[in-house]
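# Understanding the architecture of this molecule
Chain by chain, the residues:
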Amino acid sequence: MAEPLLEVDSVTCGYGISAVLDGLSFSMGTEAVSIVGRNGVGKSTLCLALLGLVPVGSGEIRLNGEPIQALSPERIARKGIALVPQGRRLFPSLTVDEHLKMFRKSTRDARWTPDAVYDLFPRLAERRSNGGAELSGGEQQMLAVGRALLLNGDLIVMDEPSEGLAPTIVDVLIDAIHRLVAEGTAVLVVEQNLAAATSVADRQLVMVSGRIEAETTAERLRNDADLQHRYLGV
Amino acid sequence: MTLFGATGRPYGRFQGGITVSVVQDAQLHEGAFGERRNLRSVVGAVGPVRLTTIAIGLWIVALADRSWTTETSAGSAIAEPGEFLVTLLDGLTFAGLLFVVASGFTLIFGLMRTVNMAHGVIFLLSGYLAIEVQQAMVGQERNIEPEQVSLFDWIFPTLVGAAVAAAIGVVMQQLLLRWNQGEDLRQAIITMGVAVILADQMLAQFGGLATTMEWPGATVHFFEILGERYATSRLFMLAVALGAGALLWLWLNRTRMGIVIRAGVDDQDMVRALGINVNLVFAATFFVGSFLAGVGGAMGASFSGAAPGADGQWLLNSLIVVIMGGLGSVKGAAAGSLLYGTVVAFAPAYLPRDYTFYSVIVTFVLLAVVLVARPHGLFGKAS
């Protein structure tokens, strides 16, 4: 296997005395990976820690072999990790178009431009001048993904992308994610929703109380009721 | 009126305005004050704030200064439309100056949660500098006549003052505040320290006497409006304020930096997670916020002069405006300036003549009423 894109090595992280991430380790290349886990096992904290938005207590996070856990969020983002956060976190004061135009004009050969995002999600183009808060849940999620794409990074981290969305919208998003991966962008999806997680990626990491407990494939996870019951409580 | 309702819970937060508590109160005292019930339910239904507004409106429009009512400095709108219009213009033009200063203050607070206690000092320093530059340009230290001042002799000193103000703002932010980002109280105390030091230095440098900047001669005229004389320079001040407001709007809405600043006001962490250098954005915001204080300083020096104490006065003015308008909202700064400017102009003009010294209190009553109805200000959001 080539040098992994992202390596997370025994990372601990917590608020006050309680550890949320407790020696969490995994690595991934340019591929799609799902991390599944119950509510409260630290999935969102992991996403924020990857971006430097919560401080990492110990351990190391490496992107393309370079430690990044001590960098500021803006440096990490510019090194190539883009976040689609839980709850979208769009900017209510900005229109759709402004969300996509807030980035420095990228070089001409960059894959993602505002127009390319509109091509990927034509529904956003129709709502160009609407405010971020006036969109439907699905449109908001598309905008959050589009905004992350404009960083033209190597890895997109998505925190619960299917949350609160109608199944047909989830399908649109999953299609888009498949296209991204096929084009060579790595995608790490953190999900509670087993159906969404298993249709996004083949590689499934099961997270339990702040660490990765098991690794399996989408097909096995889908069919293994015992595994599901033991780790996910479903 | 008791402080506690029937349930024993205080009327602490008025969710939908004061109306609620008064209606409850009316019901509470139904038995004891049965004969006053009708009046009370009328007050309750219309709402005391609205009722007071209507009463004040009636007073100003029709009742003030009639032979059969109390004497006031300005006559009612019906009897003396000229005096009413002049008062209105006074309010509007003063609001323009308020907006220029307060919008800079609210911009800085909105993005960085920094209560910049040095805003008033930056305002005053710019005023002093603009006066010095203007005197040097005209070649005369005192008794400058408006005819000697060309439009350029006003604009250039204003820009010099504002540029120095902007530079001080950026240096203060990069040197002192940057390391304390997110520590609101510490930042407030640091800027207060800067304010005290600068204020003393200005006293040493510029002395304790008031000096004034001259408006450009071309704008110093009087024109007649409904039988009253009015100074064109005040309208010039309003025009400068509108120009500054328009530029600020364009900057916030039509440039990439402005978009990033609005996004940063919403969710700063998310902006950082998008790879945007917030430190640069912070510096730019301090630059523009302090520049606006500087433009306001030169306007203020022309309007009412520069003197020790004006720094504290204008810090207070900015605070009142942005607390009413909602901290961090430029739209709120505009609304707050209009409200405050109007009250400052109308209170002394329409309070009964023997009570005009109470007009300062009216400002704080206005502030209290706005905060009771909207605890976060007119356009404010809960933080």
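Residues numbered from 1 in each chain as written. Chains lettered and ligands numbered in written order. Predicted model: local features only at pLDDT ≥ 70, side-chain atom pairs only at ≥ 80, totals over all residues. Heavy atoms only, no water.

## Structural notes on the packing of aromatic side chains
What counts is decided by this rule: When the centres of two rings from Phe, Tyr and Trp lie within 6.5 Å, Trp using its six-membered ring, the rings pair. Their planes under 30 degrees apart give stacked, over 60 give edge-to-face, and anything left gives tilted. Counting from the N terminus, the helices are the DSSP runs of H or I reaching at least four residues and the strands are the DSSP runs of E reaching at least two. Exposure is judged per residue with a 1.4 Å probe applied to protein chains only, and the accessible area is read against the type maximum: over 50% gives exposed, under 20% gives buried, and values in between give partly exposed. Any Lys NZ or Arg CZ that is within 6 Å of a ring centre and within 35 degrees of that ring's normal is treated as a charge sitting over the ring.
Across all of its chains, the model carries 14 aromatic pairs over all chains by this definition. Note on Trp154 of chain B and Phe236 of chain B: the rings are 5.2 Å apart at their centroids and 75° apart in plane angle, and the pair reads as edge-to-face. Separated by 82 residues along the polypeptide, Trp154 of chain B in helix H6 (residues 151-177) and Phe236 of chain B in helix H8 (residues 232-254) bring together distant segments of the chain. Accessibility expressed as a relative area gives 2% for Trp154 of chain B, which makes it buried. With centroids separated by 6.3 Å and ring planes inclined at 15°, the aromatic side chains of Phe287 of chain B and Phe291 of chain B adopt a geometry described as stacked. Placement of both Phe287 of chain B and Phe291 of chain B in helix H11 (residues 278-303) is noted, with a separation of 4 residues, approximately one turn of the helix. Three or more aromatic residues joined by ring pairs form one cluster here, namely Phe94, Phe123, Phe303 and Trp314 of chain B. Cation over ring: Arg111 of chain A sits above Trp112 of chain A, and NZ or CZ is 4.0 Å from the ring centre. Over the ring of Tyr118 of chain A we find Arg128 of chain A, and its NZ or CZ is 4.2 Å from the ring centre.

## Considering empty space enclosed by the protein
All names here are of chain A. The condition that has to hold: Using a grid of 1 Å spacing that covers the protein atoms alone, one calls a set of points a cavity when a 1.4 Å probe fits there but cannot get out, and a pocket when the set is open and has protein on both sides within 12 Å along at least five of seven lines; lining residues are those with an atom within 4 Å of a point. Grid points are joined across faces, edges and corners, and a volume is the space filled by probe spheres set on the points. Three classes are used: nonpolar for Ala, Val, Leu, Ile, Met, Phe, Trp, Tyr, Cys and Pro, charged for Asp, Glu, Lys and Arg, and polar for all others, with Gly counted as polar.
Applying the stated criterion across every chain yields a total of 1 cavity of 30 Å³ or more. Lining the largest cavity are Pro161, Ser162, Val170, Leu173, Ile174, Ile177, Glu191, Ala196 and Val200. Contributions of two or more residues to the lining of the largest cavity are made by helix H7 (167-182) and helix H8 (194-200). Considering each element in turn, the lining of the largest cavity owes the most residues, 4 residues, to H7. Classifying every residue of the lining of the largest cavity by side-chain character gives 7 nonpolar, 1 polar and 1 charged.

## Things to note about the sheet that holds strand S9 (residues 203-208) of chain A
Residues and elements named next belong to chain A. Our working rule: Only strands that DSSP links by at least two bridges are regarded as paired with each other. Here an axis means a line fitted to C-alpha atoms, over the contact stretch when the element is a helix, while the angle between two N-to-C directions is reported on a 0 to 180 degree scale. We call two residues in contact when some of their heavy atoms are within 4.5 Å.
A sheet is described by the order of its strands in space; here 6 strands give the open sequence S6-S7-S8-S3-S9-S10, paired in mixed fashion. If you trace the sheet from one side to the other, it starts and ends with strand S6 (81-84) and strand S10 (211-217), each paired once. Going from strand to strand, the sheet's axes swing by 20° on average, the running direction of each strand aside. Pairing between S9 and S10: 6 bridges, direction antiparallel. Within S10, the position partnered with Val208 by the bridge is Arg211. Seen against the sheet, H7 touches strand S3 (32-36), strand S7 (155-159) and strand S8 (186-191) and runs at an angle of roughly 145° to S8.

## Let's talk about the interface of chain B and chain A
To be explicit about the condition: Computed with a 1.4 Å rolling probe, the buried area is the accessible surface lost when two parts are put together, summed over both parts. The salt bridge definition used is simple: a Lys or Arg side-chain nitrogen within 4 Å of an Asp or Glu carboxyl oxygen. Whenever two N or O atoms come within 3.5 Å, that pair is a polar contact, provided that in protein one can donate a hydrogen and the other can accept it, and provided that, for residues adjacent in sequence, both atoms are side-chain atoms.
Contact residues are listed per partner, giving 20 residues for chain B and 21 residues for chain A. Here chain B and chain A share an interface that buries about 1900 Å² over both sides, 59% of which is from carbon and sulfur atoms. Per-residue buried area on chain B facing chain A is highest for Arg256, Met270 and Leu274 of chain B; these three make up 31% of the total on that side. Summed over the shared surface of chain B and chain A, the number is 3 salt bridges. Linking chain B with chain A are 7 residue pairs in polar contact (both at pLDDT 80 or more). Looking at the side of chain B that touches chain A, the elements with two or more residues in it are helix H9 (256-266), helix H10 (268-273) and H11 of chain B. Broken down by element, the side of chain B that touches chain A gets its largest block of residues, 6 residues, from H9 of chain B.

## Description of the sheet that holds strand S1 (residues 6-15) of chain A
All names here are of chain A. With antiparallel pairing, 4 strands are arranged side by side in an open sheet as S2-S1-S4-S5. One side of each edge strand has no neighbouring strand; the edge strands of this open sheet are strand S2 (18-28) and strand S5 (66-67). As judged from the 8 bridges shared by S1 and S2, these two strands associate in the antiparallel manner. The residue of S2 that forms the bridge with Val8 is Phe26. With respect to the sheet, helix H1 (residues 43-50) is in contact with S1, S2 and strand S4 (58-63), its orientation differing from that of S2 by roughly 65°.

## Digging into the nonpolar core
Under the convention used in this document: Side-chain atoms within 4.5 Å are what join buried Ala, Val, Leu, Ile, Met, Phe, Trp, Tyr and Cys residues into a set we call a nonpolar core.
Formed by 151 residues in total, the largest nonpolar core has its most connected members in Leu6, Phe26 and Met102 of chain A. Top element by residues in this core is helix H4 (residues 81-112) of chain B. It accounts for 12 residues. Setting aside residues no more than four positions away along its own chain, Leu6 of chain A makes contact with Phe26, Ser27, Met28, Leu50, Ile61, Arg62, Leu63, Ile81 and Leu155 of chain A. Val36, Val206, Leu227 and Tyr231 of chain A belong to the second largest nonpolar core, which has 9 residues in total.

## Description of the pairing of S6 of chain A
All names here are of chain A. The alternating pattern of S6 places Ile81 and Leu83 and Ala82 and Val84 on opposite faces, both of which are buried. Note: S6 against S7, 4 bridges, orientation parallel. The partner of Leu83 across the bridge, within S7, is Val157.

## Digging into the confidence of the model for chain B
Residue and element names in this part refer to chain B. Note the threshold: Within a predicted model, pLDDT stands for the predictor's per-residue confidence, ranging from 0 to 100.
The predicted model of chain B averages 86 in pLDDT, with 88% of residues at 70 or higher. Across residues 1-34, confidence stays below pLDDT 50; counting only partners more than four residues off in sequence or on other chains, it has 30 contacts. Taken together, the chains of this predicted complex give a pTM of 0.82 and an interface ipTM of 0.91.

## Digging into the state of the cysteines
Residues and elements named next belong to chain A. Under the convention used in this document: The definition used for a disulfide is geometric: two cysteine sulfur atoms within 2.5 Å.
With the rule as written, the count across this model stands at 0 disulfides over all chains. Residue Cys13 stays outside any disulfide, its sulfur separated by 12 Å from that of Cys47, the closest cysteine. In this structure Cys13 comes out as buried when scored by relative accessible area, which is 4%. For Cys47, a relative accessible area of 1% gives the class buried.

## Overview of H1 of chain A
Residues and elements named next belong to chain A. For H1, the tally of buried residues reaches 6 of 8 residues, placing the bulk of the element in the interior. Residues Lys43, Thr45, Leu46, Cys47, Ala49 and Leu50 constitute the buried set of H1. Remark: Gly52 follows H1 within two positions and exhibits a positive phi of approximately 80°.

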